[in-house]
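Breakdown of the fold
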Amino acid sequence: MRLKTKLIIGLGFLFIVILVFGILSIASINRLKDNATYVLKNNYVTLEYNNNMLEALNRLPADTSAWKVFEDNLRRQETNITERGEADATRTLREAFTNYKRKPGDSISHNTILKSLQFINHLNQQAILQKSEIANTASETANTWLTLIFTILAIIALTLVVNFPSVIGGPIQSLSEGISAIAGKDYKKRIHLKQKDEFGDLANAFNTMAEKLDEYEHSNLAKIKFEKSRIETIINKMTDAIIGFDEKRNILFMNAVAESLLNLKEKDVAGRYAPDIALKNDLLRKLLQDTDKEELKIYADNKESYFDKEKIVMKNEDQVIGEVIVLQNITPFHELDEAKTNFIATVSHELKTPISSILMSAKLLDDERVGAINNEQKELVHHIKEDSERLLKITGELLNLTQVEAGKIQLAFQPVKPEEIVRYAIDANKAQAEQQKIFIEKKLPVSIPAVNADKEKTSWVLTNLIANAIRYSFEESKIIVEAEHKDKTVVFSVKDFGKGIDSKYRDRIFDRYFRVPGTKEEGTGLGLAICREFIEAQGGKIWVESDYGEGSKFSFWLPAA
Ligand code: ADP
């Protein structure tokens, strides 16, 4: 049965109970009231008339006003006949009264009147008694019926009241238990209700929903598991070492390469606090240090290996959920780089001697003492000299670079007067400056301390800076070469009034092979990189200040001796 029908029947029944009980009660009360009214109205009024007549009779015949009182009451009595025999008695009374009127004081008529009145009184008293008994019986009957009906209806209503809450409460409790189970991700939960009402429909809908959720959960889980194993396979097959940490720095995973590098097993350390493990693991300690990018030298595969450490922060909607450290094995690049450096070193070294001898031969040819040559030949010799010098410069730079790259800069520290370095560098560039009609101004205070430096390398640096200044200056301009004493250092600087350097390239000009795009003058892009290596190797610092379009000032300082 539908819940709606049950509710209609239950409430309808209660309505009928109230209705039936109300109608019965009203009917019973009305019947009792009618009886009582009837008794009062007719019989009681008769008794009153009789009393009035008796009283009037007692005053007769002396009191003449009593005749009228008697007559009036008798007339009323004649219109209020209710009981059997009352009519005859009243008629007798009328006759006796008529006779008494005719013969006042007649004892026979007087007696008849008295008897008639007594008889009528008796009749009405009897009637009152009888009707009160009837009323009593009626009230008792009504009472019995009402009690019976009330008991039956009360039992039915009680049964309803006792059973109805469980009709609704039971299924609601089952449903709420089911919903709680679903909220707790127990998608296996089902509700079994026998009723075929709305609750039954609701339970079926709930079960369908739980089934769908269960299916979804399983398909999702399977998908996640599949994705996880795919990613694990990828991570494990990678040649880079990968280690994952959660936001509290507990180790989440590490691939096979990381296991062998760190000499740890993922199953032993997964879920453990990384800094605790790092206490006994030097490499892990290094990895946990707060550097985002770093090159590490690690002994792996029975040789010195190089790894590029990169830290990647994992985020989920702006919230940091951990980090991954990737160690990329860059040993092959290092080996290639080393091979390249060796190759450049060998080639430059091998080229240096023949180029020097070409230059020497060219110089001899140019010397008149060796023999006269015509102007065209002179021109050719001049070109040979120029190109040889440039080749010698390049091989020199390349050789210096190989020293830098191999980390083998050999320094011979000694106290050197700044003046010596400045003079050497200016002299080396004199010819070139004259050719471009550039004036080199030298600013050197008389009392300047010596520097503790490698004379040859520092001179090379200053020579290079002046050469650049000349190369990147306009004709007929000026270059200022200066050395000054500052704190415990000597600062050397070369200022030109050439085209200057665009601010976006200023940081990069000290990088190897970097040349400002659009630079037409010939060059390798190595000069400034080597300068920086030489100066920093000696404990100094090199920098540039430049206003684009107005010139540049290259400076470096070295510790005073
Ligand atoms: P190279 O001069 O052989 O190209 P460098 O390392 O000496 O290599 O210089 C790198 C670049 O810096 C040059 O290509 C040039 O663009 C720029 N540069 C160096 N010195 C100056 C200077 N004095 N004025 C303007 N640009 C310069």
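See the structure shown above.
Presented here is a report on the structure given in the accompanying data block. Here the structure is a predicted model, which is why all the values come from computation and not from measurement.

1. Description of the overall build of the protein
On a plain count of helices and strands, the protein comes out with 15 helices and 12 strands. Against the compact-globule benchmark of 24 Å for 561 residues, the protein has a radius of gyration of 66 Å, which places it well outside the compact range. Taken along its principal axes, the extent of the C-alpha atoms in the protein is 215 × 55 × 45 Å. Restricting to contacts in the protein with at least 6 residues of sequence separation, those with at least 24 account for 61%. Carbon together with sulfur atoms contributes 57% to the accessible area of the protein, which is approximately 34,600 Å² in total. Where the 76 positive side-chain charges of the protein centre and where its 81 negative ones centre are 7 Å apart.

2. Digging into the sheet that holds strand E10 (residues 489–496)
Read across the open sheet, the five strands follow the order E7-E9-E10-E12-E11; overall the sheet is mixed. Of all strands in the sheet, those bounded by a partner on one side alone are strand E7 (439–443) and strand E11 (541–547). Between one strand axis and the next, the sheet turns by 15 degrees as a mean value, whatever way the strands run. Both E7 and strand E9 (residues 478–486) contribute to a ladder of five bridges, which runs parallel.

3. Some points on the site of the ligand
Inspection of the region around the ligand gives 20 residues, with Asn-468, Tyr-472, Asp-496, Arg-515 and Leu-528 positioned closest. Here an oxygen atom of the ligand sits 2.8 Å away from a polar atom, N or O, in the side chain of Asn-468. For the ligand, an oxygen atom lies 3.0 Å from a polar atom in the backbone of Thr-524. Contact with the protein chains removes 98% of the 520 Å² of surface that the ligand exposes when unbound. Broken down by element, the residue count for the shell around the ligand peaks at three residues, all from helix H13 (residues 455–471). Looking at side-chain class alone, the shell around the ligand contains nine nonpolar, eight polar and three charged residues.

Calculation notes
Residues numbered from 1 in each chain as written. Predicted model: local features only at pLDDT ≥ 70, side-chain atom pairs only at ≥ 80, totals over all residues. Heavy atoms only, no water. Helix = DSSP H or I, 4+ residues; strand = E, 2+ residues; numbered from the N terminus. Rg over C-alpha atoms; globule rule 2.2 N^0.38 Å. Contact = heavy atoms within 4.5 Å. Areas by Shrake-Rupley, 256 points an atom, 1.4 Å probe, with all protein chains shown as cover. Lys, Arg positive; Asp, Glu negative; His and termini not counted. Charge placed at Lys NZ, Arg CZ, Asp CG, Glu CD. Pairing = 2+ DSSP bridges. Axes fitted to C-alpha atoms, helices over the stretch in contact; angles between N-to-C directions. Near = heavy atom within 4 Å. Polar contact = N/O pair within 3.5 Å; in protein donor to acceptor, adjacent residues only side chain to side chain. Nonpolar A, V, L, I, M, F, W, Y, C, P; charged D, E, K, R; others polar.

As far as function goes, none of this settles anything; it's purely spatial.
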